[in-house]
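# Reading the structure
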Amino acid sequence: MDGQRNRRYTFEQDYFFVMGDNLDNSLDSRFWGYVPEDHLNGEAVFTLFSWDREQNVFRMGRTLQGLE
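One numbering rule holds for all chains: residues counted from 1, following each sequence as written. Only residues with pLDDT of at least 70 get local features here, since the model is predicted, and only at 80 or more are side-chain atom pairs given and counted; chain-wide, interface and lining totals rely on the full set of residues. Side-chain metrics rest on all non-hydrogen atoms present in the structure, leaving aside hydrogens and water.

## Here we look at the overall build of the protein
Let me state the cut-off plainly: The helix and strand labels rest on DSSP assignments: H or I over at least four residues marks a helix, E over at least two residues marks a strand, and numbering proceeds from the N terminus. For the radius of gyration, the atoms used are the C-alpha atoms, and the globule rule reads 2.2 Å times the number of residues raised to 0.38.
In terms of regular secondary structure, the protein is built from one helix and four strands. Written out in order from the N terminus, the α and β elements of the protein read β-α-β-β-β. For the protein, whose C-alpha radius of gyration is 17 Å, the value lies well above the compact-globule estimate of 11 Å for 68 residues. In terms of overall dimensions, the protein has a C-alpha envelope of 50 × 25 × 20 Å along the principal axes.

Here you go:
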C-alpha cells in the first residue's frame with residue numbers, strides 16, 4: 001500500500017467480487033479487482049440463468065427465482 005509492504009490491513013468497508021454476464025469473456029472482478037460497497041448501485045433480485053458445470057445441464061428450477 002502506497003509503495004510499502006504490509007502484513008496487516010483492516011478494510012474500512014465491505015468489498016465484493018463481481019462477475020460479468022459472460023463467464024469466459026467478461027471484464028469483471030477477475031480483471032479490475034474487488035468493488036467497494038459504496039460503488040455498488042442496485043441489487044440482484046432474481047437468478048436469470050443457472051448452469052451446472054459438473055452435470056453439464058441447465059438448472060431450470062433456479063431460473064427466474066427470486067433471491068432472499
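Alright, that's what it looks like, and here's the rest.
## A few points about a nonpolar patch on the surface
How we decide: Only residues above 30% relative accessible area that lack a salt bridge enter a patch, with like-charged residues linked at up to 9 Å and the nonpolar side chains Val, Leu, Ile, Met, Phe, Trp and Tyr linked at up to 5 Å. A 1.4 Å probe and the Shrake-Rupley method give the accessible areas. Residues count as covered only by the protein chains that appear here. The salt bridge definition used is simple: a Lys or Arg side-chain nitrogen within 4 Å of an Asp or Glu carboxyl oxygen. Only protein chains enter the accessibility calculation, which uses a 1.4 Å probe; a residue is then buried when its area is under 20% of its type maximum, exposed when over 50%, and partly exposed in between.
On the surface, a nonpolar cluster with roughly 870 Å² of combined accessible area is contributed by Met-1, Tyr-9, Phe-11, Tyr-15, Phe-17, Met-19, Leu-23 and Tyr-34. A residue is classified by how much of its surface remains accessible, and Phe-17, at 42% relative accessible area, is partly exposed.

## Points about the environment of Leu-48
Put simply, the rule reads: Should any heavy atoms of two residues lie within 4.5 Å, those residues are counted as being in contact.
Residue position: Leu-48 is located in the loop between strand 2 (35-36) and strand 3 (51-52). Given the relative accessible area of 62%, Leu-48 is considered exposed. Expressed as a C-alpha distance, the spacing of Leu-48 and Gln-65, which sit 17 residues apart in the sequence, is 7.9 Å. Leaving out residues up to four positions away in the same chain, Leu-48 has contacts with Thr-63 and Leu-64.

## Things to note about the pattern of salt bridges
Following the criterion strictly, the structure yields two salt bridges and no others. Across the pair Arg-53 and Asp-24 runs a salt bridge, and its minimum N-O distance is 3.6 Å. Taken as a pair, Arg-53 in the loop between strand 3 and strand 4 (57-58) and Asp-24 in the loop between strand 1 (15-16) and helix 1 (29-32) lie far apart in primary sequence, 29 residues in all. Looking at Arg-53, the relative accessible area reads 57%, which means it is exposed. According to the relative accessible area criterion, Asp-24 is exposed, its value standing at 68%. Between Asp-28 and Arg-30 there is a salt bridge, with its nearest N and O atoms 2.8 Å apart.

## Concerning the confidence of the model for the protein
To be explicit about the condition: The score called pLDDT rates the predictor's confidence residue by residue, from a low of 0 to a high of 100.
For the protein, mean pLDDT is 85; residues scoring 70 or higher make up 100% of the total. Summarising per-element confidence for the protein, the mean pLDDT is lowest in strand 3 (86) and highest in strand 2 (91).

## Brief notes about the packing of aromatic side chains
Put simply, the rule reads: Paired rings are identified among Phe, Tyr and Trp, the last through its six-membered ring, by centres lying within 6.5 Å, and are further divided according to the angle between planes into stacked (under 30 degrees), edge-to-face (over 60) and tilted (the rest).
Taken as a whole, this structure holds three aromatic pairs when the rule is applied. Judged by centre distance (5.9 Å) and plane angle (65°), the ring pair of Phe-17 and Tyr-34 falls under edge-to-face. Of this pair, Phe-17 sits in the loop between strand 1 and helix 1 while Tyr-34 is found in the loop between helix 1 and strand 2, placing the two residues 17 residues apart along the sequence. Tyr-34 sits in the exposed class, given a relative accessible area of 57%. Centroid distance Phe-49 to Phe-58: 5.0 Å. Interplanar angle 35°. Geometry classified as tilted. The exposed category is assigned to Phe-49, whose relative accessible area is 54%. Through pairs of rings, three or more aromatic residues link up here, namely Phe-49, Trp-51 and Phe-58.

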